[in-house]
Amino acid sequence: QVQLVESGGGLVQPGGSLRLSCAATGSIFRINTMGWYRQVPGKQRELVATMTSGGTTNYADSVKGRFAISRDNAKNTVYLQMNSLKPEDTAVYYCTLGYGGFRGWGQGTQVTVSS
């Protein structure tokens, strides 16, 4: 059983920064993709950024140049450095891990960008 635990969310002013972390535990296939999605009430969950265990990244256009995803494969941990935050980045951010036909999700962490 795979568990994903996020941390690092909170309240930040526009233009500020936050760093999210997500640690995966359990039986994890070493070749996988970890990443982040976000969701606001009434809207579908959307991709923020993903990174394969081989280092290939994928970003939503809305966060390119502002967010950076990284991971520590030895620790099965993925990070999301969020800079130049905007009010429209406010959402619940979910960590995800996937390989083969499996996809797991964390419980979500709230990020609020407001003055």
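Everything below is about the structure shown above.
Note that the structure is a prediction, hence the values are computed from the model and not measured.

1. Quick notes on the sheet that holds strand β7 (residues 67-72)
Reasoning step 1: The strand order across the open sheet formed by four strands is β1-β3-β8-β7, and the pairing between neighbours is antiparallel. Each edge of the open sheet is held by one strand with a lone partner, namely β1 (3-7) and β7. Put simply, the sheet's adjacent strands are angled 15° from each other on average, direction ignored.
Reasoning step 2: In the sheet, β7 pairs with strand β8 (residues 77-82) via six bridges, with the strands oriented antiparallel. Looking at β8, one finds that Ser70 is bridged to Tyr79.

2. Some points on unusual backbone geometry
Among all residues except glycine, the phi angle is most often negative; among peptide bonds, the trans geometry is most common.
Reasoning step 1: A positive phi angle, close to 50°, is found at Asn76, a residue other than glycine.
Reasoning step 2: Along the chain, Asn76 turns up in the loop between β7 and β8.

3. As for the environment of Tyr99
Reasoning step 1: One can find Tyr99 in strand β9 (residues 91-99).
Reasoning step 2: Along the primary structure Tyr99 and Thr33 are separated by 66 residues, whereas in three dimensions their C-alpha atoms are 6.5 Å apart.
Reasoning step 3: Discounting chain neighbours no more than four positions away, the residues touching Tyr99 are Val2, Ser27, Ile28, Phe29, Ile31 and Asn32.
Reasoning step 4: For Tyr99, the side chain forms a polar contact with the main-chain oxygen of Ser27, separated by 3.2 Å.

4. Remarks on the packing of aromatic side chains
Reasoning step 1: On inspection of all chains with the given rule, the structure shows three aromatic pairs.
Reasoning step 2: Pairing Tyr37 with Trp105 gives two aromatic rings, centres 5.3 Å apart and planes at 80°, and the pair type is edge-to-face. Taken together, the residues Tyr37 in strand β4 (residues 33-39) and Trp105 in strand β10 (residues 102-105) connect sequence positions 68 residues apart.
Reasoning step 3: Look at Trp105 and you get partly exposed, because its relative accessible area is 35%.
Reasoning step 4: Each ring, one from Tyr99 and one from Phe102, has its centre 5.3 Å from the other, and the planes form 40°; the classification is tilted.
Reasoning step 5: Taken together, the aromatic side chains of Phe29, Tyr99 and Phe102 make up a single cluster linked through ring pairs.
Reasoning step 6: One Lys or Arg, Arg19, reaches over the ring of Tyr79 and ends 4.2 Å from the middle of that ring.
Reasoning step 7: It is Arg45 that lies over the ring of Tyr94; its NZ or CZ is 3.7 Å from the centre.

Conventions adopted
Position numbers for residues start from 1 in each chain and track the written sequence from start to end. It should be noted that, the model being predicted, local features are given only for residues of pLDDT at least 70 and side-chain atom pairs only at 80 or more, the latter also being counted only at that level, while totals for whole chains, interfaces and linings use all residues. Where side-chain values are given, they derive from all heavy atoms of the structure, hydrogens and water being excluded. Paired strands, in this sense, are two strands between which DSSP finds at least two bridges. The numbering of helices and of strands both runs from the N terminus, where a helix is a DSSP run of H or I of at least 4 residues and a strand a run of E of at least 2. Between the N-to-C directions of two axes lies an angle of 0 to 180 degrees, each axis being a line fitted to C-alpha atoms and, for a helix, fitted only over the stretch in contact. Any two residues whose heavy atoms approach within 4.5 Å at even a single point are treated as in contact. Counting of polar contacts relies on pairs of N or O atoms within 3.5 Å, with two restrictions inside protein: one atom must be capable of donating a hydrogen and the other of accepting it, and residues adjacent in sequence are counted only when both atoms are side-chain atoms. Aromatic rings from Phe, Tyr and Trp, taking only the six-membered ring of Trp, are treated as a pair when their centres fall within 6.5 Å; an angle between ring planes under 30 degrees marks them as stacked, one over 60 as edge-to-face, and anything in between as tilted. Burial classes follow relative accessibility: with a 1.4 Å probe on protein chains only, a residue under 20% of its type's maximum area counts as buried, one over 50% as exposed, and anything between as partly exposed. Placement of a positive charge over a ring is assigned whenever Lys NZ or Arg CZ falls within 6 Å of the ring centre and within 35 degrees of the normal to the ring plane.

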